[in-house]
Each structure stands twice: as C-alpha cells, then as structure tokens.
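Per-entry structural report
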Amino acid sequence: MPEEMAGEKRMFLNEDFVKAIEWYKQSIAGIEKERLLADAEDVMNGIMELPGTSGKKVFVGNPPNWNENPYGVGGYNWELSRMVHLETLCKAYIVTGNCAYIQKVYIDLANWMDTVEMPAAVTDRETLIPYKGDPNWRMLEIGHRMEVTFRVILPVTEWAGASAEWLGRMKRLVTAHGESLYGGAHLLWPQYDHNHYMTEIAGLLSCCYYLQDTPYKEKWIGRALEGFEKACLAQLSEDGAQVEGAVSYHNSTMRAVLNGALAIKKMGYAIPKNVTERIKRGVEFSLEMVRPNGEIVPFGDSRQETSIECAICGYLLFGESSWISIIRRTASDNMIRKTAAEAGWLYPDLDKLFCLLK
C-alpha cells in the first residue's frame with residue numbers, strides 16, 4: 001500500500017482487501033500472469049472480446065464507445081458497461097505497479113461518467129422503463145458493477161493513491177447506483193424469483209456497505225435485507241437448488257448470494273437461520289454437481305465451469321472446511337489459491353485458507 005495511505009481513514013479500502021492484494025500478488029504467476037498482462041495491454045489499446053465479436057478481440061474505442069453497438073448484440077453493450085476490462089487493469093496494476101494501468105482506469109471511468117447519461121430517478125413503473133432499455137443503466141448492469149467489478153475497482157484505485165476529489169466522485173457514483181437499485185429492483189422483480197434480482201440486491205447491499213456512515217445506507221438497508229431474505233427463499237429450494245434449473249445460473253446466483261451475505265456480515269446484521277441453511281445447501285448443491293474432472297454437469301442453459309468459487313467463499317463465510325476438502329479432490333491447490341485470490345477480495349480469514357492449502 002502506498003505510504004501516504006497509512007493511518008488515513010479509508011472510504012472503500014479495508015484490511016481484508018489489503019491482505020487479499022498480497023495473496024493475489026503471490027498467486028498470479030507464470031502463464032496466468034502472462035495472460036493477465038497480455039489482456040491488460042490489449043485493454044490499454046482499446047481492444048477486447050465482447051459478446052457478438054465471434055470470440056475475437058476487436059477495437060471498441062479508446063476510451064470505449066459506450067453507447068455504440070456495431071455488432072447488434074445486446075450483450076455487447078451490457079458486458080462493456082460492466083467494466084470487467086477495468087478490473088483487468090486493476091489486477092495488472094497490483095502485480096506490476098505500473099501506474100499506466102491505473103491511469104487508464106481513471107480515464108475510462110471518467111469518460112463513462114461524462115458521456116453516459118443517467119436516466120431520471122426511479123419512483124414508479126413508468127420511470128423504471130428507461131432502465132430496461134439503457135444498456136449502461138439496465139438494473140442488472142448496475143447490480144453487477146456494484147456486486148462484482150466495483151468491489152475491485154473502488155478499493156484498488158484508493159490503494160493506488162486516488163485523490164480525495166476522485167474518491168468523492170466515486171462516492172457519488174456509488175450513491176447513484178444505490179438509489180437506482182433501491183428504487184427499481186423490487187419493481188422489476190416483485191416476486192424476487194430471478195437470478196438478475198439476486199445480483200441487483202447483492203449490489204444494493206454492496207452500496208450499503210460502502211456508504212455505511214451516510215443517510216443513504218440507513219435509507220436502503222431495510223429494503224436490501226428484506227429483499228435478500230425473500231430472494232434466497234424464492235430462488236433457493238429447501239435442498240439448495242437454484243429454481244431456474246441451470247447449474248451455471250446456480251453458481252452465478254450463489255456468487256451473488258455469498259457476496260450479499262458477506263456484506264450483511266461485515267455490516268453487523270444477522271441472517272435468519274432458515275435463510276442461512278438454504279445458503280449452505282446451495283453451496284453443497286454446487287459441489288454435488290462437480291464431475292471427477294472438476295467441471296460441473298451442465299444442464300439447462302449452462303456453460304462449462306467449476307464450483308471452486310462457491311466452495312471457497314462458502315468456507316470463508318461459514319468455516320465449513322469439508323467444502324475445501326471436496327474441491328481439492330478435483331482441483332489443484334494452485335487453482336484453488338488463484339480462484340481464492342480473485343474471488344476473496346473482501347472476505348475475512350483469507351490468510352486461514354491459504355495456510356490450509358500449504
């Protein structure tokens with residue numbers, strides 16, 4: 001951590017994240033590091049792979065053309081607006097210390113805020129309509145940024161020594177995300193029964209976590225806690241299965257569930273026992289779907305993946321070491337360390353996991 005950060009009050013950064021940074025430096029090496037830096041260099045030149053580009057990297061603008069869609073595929077803009085490429089740059093900065101990477105993060109984020117117009121505040125179903133059609137401010141993308149990419153981008157830019165002015169601008173951006181999710185997610189999914197809603201409510205919980213010392217958190221927290229509980233009960237069956245019936249959706253939903261539970265735990269709130277039990281069964285269900293080669297058994301609208309992240313984050317939340325033992329049968333300790341370093345940024349006891357893997 002830069003010396004000037006020592007002893008200062010932090011807005012987005014905490015000790016768990018600082019420890020995770022050190023583990024990440026140690027875990028990303030060899031071909032994984034080479035691949036990361038190659039991707040980061042492409043991003044520096046405005047080149048990336050997006051839905052609709054036929055699996056090829058293409059020039060998307062430098063900074064990206066956020067509002068253009070030359071390939072006519074909705075996912076093109078959705079993925080671009082999730083800013084995964086900025087997370088890549090943050091990771092490259094961590095392992096190299098090259099300030100050019102973090103400067104590019106500032107440039108692209110500032111450009112997005114300056115050129116992408118935010119729809120009016122959500123107050124009812126009519127004002128929700130623009131959030132359904134705007135690829136940059138669709139509710140799922142708002143939730144994904146807060147639940148996934150911003151949980152890396154915000155702390156890393158602060159760790160890199162971002163100015164007070166920049167951090168203030170980021171605080172206003174988090175506020176805008178929280179207000180949108182607070183106003184619209186429950187209107188969009190009144191039955192709480194879609195995986196999109198789980199990402200959105202986990203995003204709102206992230207907003208609450210980052211703005212704990214503000215009136216916004218007090219405004220949002222009741223709806224966030226209620227929405228999380230109702231979403232878990234609506235989306236996870238008693239045996240832990242995600243009701244939409246696709247294993248990759250199950251795993252991505254569980255990622256949001258576990259990140260939401262993490263935010264609740266860090267803020268000092270309790271999760272009802274019946275909800276906690278469903279969450280634990282959700283982790284176990286993910287592990288039950290693992291083949292001997294470590295990949296999931298795909299059915300429904302599923303892609304091939306693993307359940308390592310569910311096992312790791314579940315262990316870090318609930319201390320169930322048996323989940324780590326199970327995943328070690330099908331994945332190398334190096335793969336588990338890498339996944340933990342990439343998934344466990346804000347989780348406590350990451351040190352304990354890495355000691356377990358020695």
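Worth saying up front: this structure is predicted, and the values here are computed from it rather than measured.

1. As for the overall build of the chain
A tally of regular secondary structure across the chain gives 16 helices and two strands. Over its C-alpha trace the chain gives a radius of gyration of 19 Å, about what one expects of a compact globule, namely 21 Å for 358 residues. Dimensions of the chain, computed from C-alpha atoms along their principal axes, come out at roughly 50 × 50 × 45 Å. Buried positions account for 55% of the 358 residues belonging to the chain. Here the contacts in the chain between residues at least 6 apart in sequence split such that 70% fall between residues at least 24 apart. Split by element, the accessible area of the chain, about 15,000 Å² in all, is 50% carbon and sulfur.

2. So, the nonpolar core
Membership of the largest hydrophobic core comes to 116 residues, with the highest contact counts inside it found for Leu109, Trp166, Phe228 and Leu353. Among the nonpolar cores identified, the runner-up in size contains five residues, and Ala241, Val247, Phe285 and Ile296 belong to it.

3. Looking at the packing of helix α3 (residues 74-82) against helix α7 (residues 139-159)
Contact pair α3 / α7: the axes reach a minimum separation of 9 Å and the direction vectors enclose 35°. Every pair of crossing elements has a handedness; the one defined by α3 and α7 is right-handed. Along the contact surface, α3 presents Trp78, Ser81 and Arg82, while α7 presents Leu140, Glu141, His144, Arg145 and Thr149. Of the residues that constitute the contact of α3 with α7, the class distribution is two nonpolar, three polar and three charged.

4. Here's the deal with the packing of helix α1 (residues 15-27) against helix α15 (residues 333-343)
The geometry of a pair of packed helices is captured by two quantities: the angle between their axes and the separation between those axes. Contact pair α1 / α15: the axes reach a minimum separation of 9 Å and the direction vectors enclose 145°. Where α1 crosses over α15, the handedness of that crossing is left-handed. Here Trp23, Tyr24 and Ser27 of α1 come into contact with α15, specifically with Arg337, Lys338, Ala341 and Glu342. Class assignment of the residues belonging to the contact of α1 with α15 gives a composition of three nonpolar, one polar and three charged.

5. A look at helix α12 (residues 273-288)
The end-to-end C-alpha separation of α12 is 22 Å, in line with the 22 Å expected for 16 residues at 1.5 Å each. What α12 keeps buried is the set Val275, Thr276, Arg278, Ile279, Gly282, Val283, Phe285, Ser286 and Leu287. Turning to α12, the residues buried within the fold contact α10 (215-235), α11 (247-266), α13 (308-318) and α14 (321-328).

6. So, the environment of Ser322
Structurally, Ser322 can be placed in helix α14. Spatially, the C-alpha atoms of Ser322 and Ala311 are 9.1 Å apart, while their sequence positions differ by eleven residues.

7. What about the side chain of Arg145?
Position of Arg145 among the secondary structure elements: in helix α7. The side chain of Arg145 sits in the buried core without any salt bridge; Glu141 is the nearest counter-charge, 6.9 Å away. Only 2.9 Å separates the side chain of Arg145 from the backbone oxygen of Asn136, close enough to count as a polar contact.

Definitions and limits used
- Residues numbered from 1 in each chain as written.
- Predicted model: local features only at pLDDT ≥ 70, side-chain atom pairs only at ≥ 80, totals over all residues.
- Heavy atoms only, no water.
- Helix = DSSP H or I, 4+ residues; strand = E, 2+ residues; numbered from the N terminus.
- Rg over C-alpha atoms; globule rule 2.2 N^0.38 Å.
- Buried < 20%, exposed > 50% of the residue type's maximum accessible area, 1.4 Å probe, protein only.
- Contact = heavy atoms within 4.5 Å.
- Areas by Shrake-Rupley, 256 points an atom, 1.4 Å probe, with all protein chains shown as cover.
- Core = buried A, V, L, I, M, F, W, Y, C linked by side-chain atoms within 4.5 Å.
- Axes fitted to C-alpha atoms, helices over the stretch in contact; angles between N-to-C directions.
- Left-handed = near helix turned anticlockwise from the far one by under 90°.
- Nonpolar A, V, L, I, M, F, W, Y, C, P; charged D, E, K, R; others polar.
- Expected span 1.5 Å × (residues − 1).
- Lys, Arg positive; Asp, Glu negative; His and termini not counted.
- Salt bridge = Lys/Arg side-chain N within 4 Å of Asp/Glu carboxyl O.
- Polar contact = N/O pair within 3.5 Å; in protein donor to acceptor, adjacent residues only side chain to side chain.

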